[in-house]
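Chain residues, written in single-letter form:
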Amino acid sequence: MRIVFMGTPDFASACLEKLLQTEHEIVAVYTQPDRPSGRGNKLTPSAVKQVALQANLPVYQPLKARASEVVDELAALHPDVIIVVAYGQILPQAILDIPKYGCLNVHGSILPKYRGAAPIHWAILNGDRETGVTIMQMDAGMDTGAMLAVATESIDDEDTTATLYERLKALGARLLVEILPKLAAGELTAVPQDNAQATYTTLIKRDMEKIDLNTSAVAIHNKVRAISGAFVLNCAGEPLKIWKTTPDNTGWSGQIGEVVHVDKRGFVLATGQGCLRILEVQPANRKRMSAADFANGSKLTVGYIFK
C-alpha cells in the first residue's frame, strides 16, 4: 500500500518505525514544524521527523494542513491510505476524502471513552483497571469515527502515565501493522461508536497539579501516578513535589494532612479518606529523594500537619 504518515510525538514515531519494517511504501511523512526546546530554545525536530529523516523519507511540515496547497500536495501523492497518529492538527474533509481506504487514526484509549487529548493520563487519573488502543476510520468529528480494531491493556496498581504510555505505544504500532493487510483485503468491519457512551478529556493543566488532602488516599495516589512529580504540598511554606506514593491500610488515623507515622520507608499522611504513604519526594530547588531521607533531613515527626 502507498502510505502517507502524519504524526508528531514519540507515540506516533513508534508506529512509523513499525511501518518501516513492513513492505508498505511510505511515500511521505507529515509532522508539525520544528519547535523551540531546551534552555537555548533551539529549534528541535519532532520524534516523527527524526525517524523519517533516518529512513530518508520525504518530510513535510505545513503550518496549516487545511491549506489548499497542502490538500493538492497530498492528492498528488495518490496515497492508498493516510495514517494519522497524534499529528496535532485537525484534517479537513478534503483530505479525509483523498485516500482509497480513507484516513486511519491510532488513539490511546478504548473509544468512545476518552476522546480528545491525554487519554492515557485520564485513565490513570480515574483509577481505571483497563484501557487500550483503538484504530478508527477518521471522519470530520473529534475521535468520532467508526472503529476498525481495538486492543486492550490492563492497568496495574503501580502503573504511571509513563509506564502505561510505553505499553500502549508498542500496542498501537503492532495493531496498526496487523490490520493493514485486512484493510486492503476488505476484511475489516467498521463499527460505529456509541456516542451516548462517549467521554471527553482535556489536556493536563497546571491548575490540576495541587494535591487536595481532603480527597481520598486512592484518589491522591492516582493523581501522583497520572502526573508524576507535578503535585505539591505545602511544607514549612515551601512546595514539596510528590513522586511516588501508595495507599496505606495499616490503620493509622489523624486529622487531614497530619503525619501519622514515620519509618525507614518514608512517612504516612492522613487524608480525607484513608492514609497515604509517601515514598519519594522533591523539595523546592533540590533533587528527587526518598521520603525517608527527606523525613530524616527535615526532622519530620508524627503530628506535623501538611496544608
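Since this is a predicted model, take the numbers as computed values, not measurements. (Residues numbered from 1 in each chain as written. Predicted model: local features only at pLDDT ≥ 70, side-chain atom pairs only at ≥ 80, totals over all residues. Heavy atoms only, no water.)

Student: Would you mind showing me how to read the overall build of the protein here?
Tutor: A tally of helices and strands in the protein yields 8 helices and 17 strands. Judged by the C-alpha coordinates and their principal axes, the protein covers about 70 × 45 × 30 Å. Looking at the protein residue by residue over its 307 residues, the buried ones come to 49%. A separation threshold of at least 6 residues defines the contact pool for the protein, and within that pool the share at least 24 residues apart is 64%. Accessible area of the protein: about 15,000 Å², with a carbon and sulfur share of 51%. Positive and negative side-chain charges in the protein, numbering 31 and 32 respectively, have mean positions lying 8 Å apart. (Helix = DSSP H or I, 4+ residues; strand = E, 2+ residues; numbered from the N terminus. Buried < 20%, exposed > 50% of the residue type's maximum accessible area, 1.4 Å probe, protein only. Contact = heavy atoms within 4.5 Å. Areas by Shrake-Rupley, 256 points an atom, 1.4 Å probe, with all protein chains shown as cover. Lys, Arg positive; Asp, Glu negative; His and termini not counted. Charge placed at Lys NZ, Arg CZ, Asp CG, Glu CD.)

Student: Hey, could you run me through the packing of aromatic side chains in this one?
Tutor: One pair of aromatic rings is described through two measures. These are the centre distance and the angle between the planes. In total, this model carries 5 aromatic pairs according to the counting rule given. With a centroid separation of 5.7 Å and an interplanar angle of 5°, the aromatic rings of F267 and F306 are classed as stacked. On the criterion of sequence distance, the pair formed by F267 in strand 15 (residues 266-270) and F306 in the segment after helix 8 (291-297) is long-range, its members being 39 residues apart. Among the residues examined, F267 registers a relative accessible area of 0% and is labelled buried. With relative accessibility at 2%, the residue F306 sits in the buried group. Counting every residue linked through ring pairs, the aromatic cluster contains F267, F294, Y304 and F306. Positioned over the ring face of W243 is R288, at 3.8 Å from the centre of the ring. (Phe/Tyr/Trp six-rings, centres within 6.5 Å; stacked < 30°, edge-to-face > 60°. Lys NZ or Arg CZ within 6 Å of the ring centre and 35° of its normal.)

Student: Help me understand the environment of I179, please; the structure alone is not making it clear to me.
Tutor: The topology assignment puts I179 in helix 6 (residues 161-184). On the accessibility criterion, I179 (3% relative accessible area) is buried. Each C-alpha atom, one on I179 and one on I135, is 9.0 Å from the other, the two residues being 44 residues apart in sequence.

Student: Sorry if this is basic, but what is going on with the nonpolar core here?
Tutor: As a rule of thumb, nonpolar side chains are buried together in soluble globular proteins. In this structure, F5, L16, L19, I83, F267 and F306 are the most contacted members of the largest nonpolar core, which totals 68 residues. Other than its neighbours up to four places away in sequence, F267 contacts V259, H261, V262, L276, R277, I278, A291, F294, A295, L300 and F306. Core analysis: the next-biggest nonpolar cluster, separate from the first, contains 17 residues, L77, Y87, L96 and C103 among them. (Core = buried A, V, L, I, M, F, W, Y, C linked by side-chain atoms within 4.5 Å.)

Student: Would you explain the side chain of T134 in this entry?
Tutor: Tracing the sequence through the fold places T134 in strand 9 (residues 130-137). Here the side chain of T134 touches S109 through a polar contact of 2.7 Å, landing on its backbone oxygen. Here the side chain of T134 touches L111 through a polar contact of 3.1 Å, landing on its backbone nitrogen. Contact partners of T134, with chain neighbours within four places excluded, come to N105, V106, H107, S109, I110, L111, M147, A149 and V150. (Polar contact = N/O pair within 3.5 Å; in protein donor to acceptor, adjacent residues only side chain to side chain.)

Student: Looking at this structure, how should I read the pattern of salt bridges?
Tutor: Should the charged atoms of two oppositely charged side chains come close, the side chains can pair. Applying the stated criterion across every chain yields a total of 12 salt bridges. Between E166 and K169 there is a salt bridge; the shortest N-O distance is 3.0 Å. Taken together, the positions of E166 and K169, both in helix 6 and 3 residues apart, correspond to about one turn of that helix. The exposure class assigned to E166 is partly exposed, which follows from its relative accessible area of 41%. On the accessibility criterion, K169 (13% relative accessible area) is buried. Between E209 and R206 there is a salt bridge, with its nearest N and O atoms 3.0 Å apart. (Salt bridge = Lys/Arg side-chain N within 4 Å of Asp/Glu carboxyl O.)

Student: Would you take a moment to explain the sheet that holds strand 6 (residues 81-85) for this structure?
Tutor: To summarise the sheet geometry, strands pair through backbone hydrogen bonds and adopt either a parallel or an antiparallel arrangement. Spatial ordering of the open sheet is given by 5-2-1-6-7-9-10, a layout of 7 strands whose pairing is mixed. Either end of the sheet is taken by a strand with one partner, and the two such strands are strand 5 (59-60) and strand 10 (147-154). Note that strand 1 (residues 2-7) and strand 2 (residues 25-30) share 5 bridges and pair parallel. Bridging across to strand 2, F5 finds its partner in V29. Set on the sheet, helix 1 (residues 10-19) makes contact with strand 1, strand 2, strand 6 and strand 7 (103-107); between it and strand 1 the angle comes to about 160°. (Pairing = 2+ DSSP bridges. Axes fitted to C-alpha atoms, helices over the stretch in contact; angles between N-to-C directions.)

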